[in-house]
Amino acid sequence: MLPQNPVFRSTYRIGVQKVIPLSRVGAIGIISRAIRKAGLYRNKAGNRYEIQADHGFRKRFATILKLRNDISYSVTERLLGHKQNLDLSYFRGTREEIFREFRKIILDLTVSDEERLTLQNRLKDEKIDRLQFEKDSKISGLEETAKKLLERIEALETERKETRMINSKLKETMNRESDPSNPYFPDGGPFDTRLVNLEVEEINADSMVVYDSEFGESINVVLRKNQVYCTLDKSSTCKHVLFALANPEFYEIVKKNAIKVEV
Ligand SMILES: [Zn+2]
């Protein structure tokens with residue numbers, strides 16, 4: 001709102017006339033004619049009418065504004081253009097914030113029933129759109145959560161299968177090792193490792209050092225090329241690997257690296 005682009009112009013012809021703001025006298029003339037045309041009757045008190053022609057608009061605006069209890073006092077005062085107010089010097093509402101509050105009373109300020117209806121419908125549509133949007137985002141949020149839960153369940157299911165497999169292989173091997181009727185260690189003769197003699201020496205970020213107390217040797221079991229790999233046997237299925245996998249802490253490291261386990 002600047003002098004060169006006023007809200008109300010005195011006359012309006014696109015591109016032809018220079019912009020002249022509507023004068024006070026001009027405004028009074030328009031309002032008086034409108035009052036006469038509408039056939040409104042105003043009581044006179046002395047020389048003046050009870051309701052002033054132009055100031056009446058401001059009064060109506062103020063009344064509508066002040067009747068709303070969802071618009072703060074500061075915003076009301078600001079919209080009425082009251083400057084002599086202590087509260088206002090602390091109040092720093094942005095143009096957008098104040099307009100958002102003003103929107104609440106547009107419906108009440110609208111005079112024409114037809115216009116009000118149109119506006120009402122538009123506000124309703126906006127509300128429906130907003131609710132629809134909120135609903136849609138809620139649904140997609142839930143879908144996302146459901147998807148993540150499903151993935152987590154699948155991962156847990158895989159882990160359960162794997163740990164079962166590891167445990168049964170462990171048990172089976174131990175049974176064979178302790179079978180007195182078996183003259184040899186089952187997986188390669190008398191020099192084969194026995195599970196019972198293995199100990200955890202160290203667990204690192206991507207490896208485990210296994211100590212074989214029978215042969216007095218430290219063996220590295222590492223994560224390599226998406227496999228759990230024994231550096232001594234150059235194998236991913238030897239007893240050192242099986243022993244390492246049976247350790248929950250190491251198994252967790254293996255899963256963190258998304259390595260599929262086959263024993
Ligand atoms: Zn090995």
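What counts as what
Residues numbered from 1 in each chain as written. Predicted model: local features only at pLDDT ≥ 70, side-chain atom pairs only at ≥ 80, totals over all residues. Pairing = 2+ DSSP bridges. Helix = DSSP H or I, 4+ residues; strand = E, 2+ residues; numbered from the N terminus. Core = buried A, V, L, I, M, F, W, Y, C linked by C-beta atoms within 7 Å. Buried ≥ 20, exposed ≤ 12 C-beta atoms within 10 Å, placed from the backbone. Contact = placed C-beta atoms within 7 Å. Axes fitted to C-alpha atoms, helices over the stretch in contact; angles between N-to-C directions.

1. Let's talk about the pairing of strand β4 (residues 207–212)
Inference 1: With five bridges connecting them, strand β3 (residues 198–203) and β4 associate as antiparallel partners. Its bridge partner being in β4, glutamate 202 is matched across the sheet by valine 209.
Inference 2: Here β3 folds back onto β4, and the loop between the two strands holds three residues.
Inference 3: Bridging between β4 and strand β5 (residues 217–224) involves six bridges; their strand directions are antiparallel.

2. Some words on the nonpolar core
Inference 1: Residues Val210, Val221, Val228, Cys230, Val241, Ala244 and Leu245 are the most contacted members of the largest nonpolar core, which totals 17 residues.
Inference 2: Broken down by secondary-structure element, the contributors of at least two residues to this core are β4, β5, β6 (227–230), α7 (239–245) and α8 (248–256).
Inference 3: With five residues, α7 is the single largest residue contributor to this core.
Inference 4: Once you skip the residues sitting within four places of it in the chain, alanine 244 turns out to touch Met208, Val210, Val221, Val228 and Phe250.

3. Topic: the sheet that holds β3
Inference 1: Pairing is antiparallel in the open sheet, where four strands are placed in the order β3-β4-β5-β6. The open sheet terminates on both sides in strands that have one partner only, identified here as β3 and β6. Averaged over all adjacent pairs, the angle separating strand axes in this sheet is 25 degrees, with direction ignored.

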